[in-house]
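# Inside the fold
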Amino acid sequence: MLSDAQGLSVTTDAPAAVEAVNQFAEQVLGHGNQAEVILQGLAADPTAVLVNAHGAVLHLWAEAPDSVARARPYLQTALAGLATATARERWYVRAIAAWTEGDFALALRYHNALAEWYPRDLIAASIGQYHYLFNQPSSAGMLRLVETIFPANRDNHYVHGMLAFALEQNGCLEEAEAVGRQAVAMNRHDPWAHHAVAHVFETQGRDGEGIAWMESVSDTWEQCGSFYCHNWWHLALYYLRQGDVAHVLDLYDQKIWGRAVKAYPHCHINAISLLIDLELAGVAVGDRWHQLEPYLFPGIDHPVHPLVELHQVYALTRAGHIDWVEAKLQSIGRHAASHPHQSVWERVVVPMTKGLVAFAKGDRKTAAVWLEPVLPRLYQVGGSHAQRAIFQRIYQAA
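Each pocket or cavity is described by its volume, and for the largest pocket that value is around 1100 Å³. Per element, the largest residue contribution to the lining of the largest pocket is 5 residues, and it comes from helix α7 (residues 122-135). Of the residues belonging to the lining of the largest pocket, the class tally is 21 nonpolar, 17 polar and 4 charged.

Now for the packing of aromatic side chains. In total, this model carries 14 aromatic pairs according to the counting rule given. Ring centres 6.5 Å apart and planes at 70° place the aromatic pair Phe201 and Trp213 in the edge-to-face group. Placement of Phe201 in helix α11 (residues 191-203) and of Trp213 in helix α12 (residues 207-217) is noted, with a sequence separation of 12 residues between them. Like Phe201, the residue Trp213 is buried in the burial classification.

Note on placement: Ala196 falls in helix α11. Judged by its relative accessible area of 0%, Ala196 falls in the buried class. Along the sequence, Ala196 and Thr148 sit 48 residues apart, while their C-alpha atoms lie 19 Å from each other. Sequence-distant contacts of Ala196, that is, excluding residues within four places in its chain, are made with Gly161, Ala164, Phe165 and Glu168.

A few words now on the side chain of Glu177. Turning to its location among the elements, Glu177 is positioned in helix α10 (residues 173-186). Given the relative accessible area of 14%, Glu177 is considered buried. Aside from chain neighbours lying at most four places away, what touches Glu177 is Val197, Val200, Phe201, Gln204 and Arg206.

A few words on helix α20 (residues 364-371). For α20, the set of buried residues is Ala367, Ala368 and Leu371. Looking straight down α20, one finds that the buried residues subtend no more than 95° of arc, so they occupy a single side. Relative to its buried face, α20 has exposed residues pointing more than 90 degrees away, namely Lys365 and Val369. Buried positions along α20 lie against α19 (344-361) and α21 (385-397).

Definitions and limits used
- Within each chain, residue numbers correspond to sequence positions counted from 1 in written order.
- Local features in a predicted model are, by the rule used here, given only for residues with pLDDT of at least 70; side-chain atom pairs are given and counted only at 80 or more, and totals for whole chains, interfaces and linings are based on all residues.
- With hydrogens and water set aside, each side-chain value is computed from the structure's full complement of heavy atoms.
- Here a cavity denotes a set of grid points, spaced 1 Å apart and computed over the protein atoms alone, in which a 1.4 Å probe fits but from which it cannot get out, and a pocket denotes an open set meeting protein on both sides within 12 Å along at least five of seven lines; residues with an atom within 4 Å of a point are reported as lining.
- Grid points are joined across faces, edges and corners, and a volume is the space filled by probe spheres set on the points.
- Starting at the N terminus, helices and strands are each numbered in turn, a helix being any DSSP run of H or I of at least four residues and a strand any DSSP run of E of at least two.
- Residue type decides the class: Asp, Glu, Lys and Arg count as charged, Ala, Val, Leu, Ile, Met, Phe, Trp, Tyr, Cys and Pro as nonpolar, and the leftover types, Gly among them, as polar.
- Centres within 6.5 Å are what make two rings of Phe, Tyr or Trp a pair, Trp counting through its six-membered ring; a difference in plane orientation under 30 degrees is then read as stacked, over 60 as edge-to-face, and the rest as tilted.
- Categorising residues by exposure relies on relative accessible area from a 1.4 Å probe, with only protein chains included: less than 20% of the type maximum marks a residue as buried, more than 50% marks it as exposed, and the intermediate range marks it as partly exposed.
- Residue contacts are defined here by distance: any two heavy atoms, one from each residue, within 4.5 Å place the two residues in contact.
- To be clear, the arc concerns the directions from the helix axis to the C-beta atoms.

The following block contains the structure:
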């Protein structure tokens, strides 16, 4: 048995497997584009429980239609090795297993336990933050989790960045900005901390400061994965509110969709949301809706996430693919009926999609009728305040 960079035991005798775990942690926390490094650990130890669990996470985090299917072989190998695994590894594998089943409440019980007993397990904490943001939305839960691990990680800039974002999502804006700036002072290459402070500027309407802040660190995003286009999306929102449409369109073409990981649905959210905002501002976006089409088709019959589906159904409607829209609405309905752990699909996503399709077709009266009753529950679709705000703007326009 060996130890990782955080001093946590890993059930393996292969140093290369532990090194892969360390590098994977750096990629996850730094939102890098080399997370596949974890698969190198399997060459050193194909049955290592933690390495296989991380391999499952690699696919689950993609939120693609085939993510669960790709994750299952790794998860099954991890489950088969639990008898000789550490308690931390067993809890972590159980959390990932719950994720594959869509039982995010159970997953978070394990992640909260891991945060309490193993606060140096930053991958587990990061996944917990992700679930509280997207899959079991709770700003308060997110903050509790990060505050639990913070005392054991005061020297870690990544944890400062995690805390800054959790504080911002809970409305503690001044404290969030201070903690986020401290994270960047500790390490300038921390895109999540950049993003946390960007949220503060956006919430407070400090667009000029937001532009200066994000542009001052944008050179550090080159090694980011999908988060590259997300941070540029934040920057584009500042410019759009300042009325610099030409710059926004250029950022869309060069940074947001131009550099997107196009098979990754969360990258679709950035592009679609910005196109909606541009059209709400009266800007003609040309053929940009049609450019998205090839990447939206694979998800038509396989809903993956409420926030993703709401954006994609709107994009398909604006692209004029009404047959694809109908197929997607039907698949969402089937998904809502078959996932008891996720009532948000039936109570929020189904009526929201009907309202968004109506708005995208130009039927604003029908859109308002569908959207208004579900807006109080909009937080349940997940995502940050900034990501969900686009639906409020659509309703206001309707």
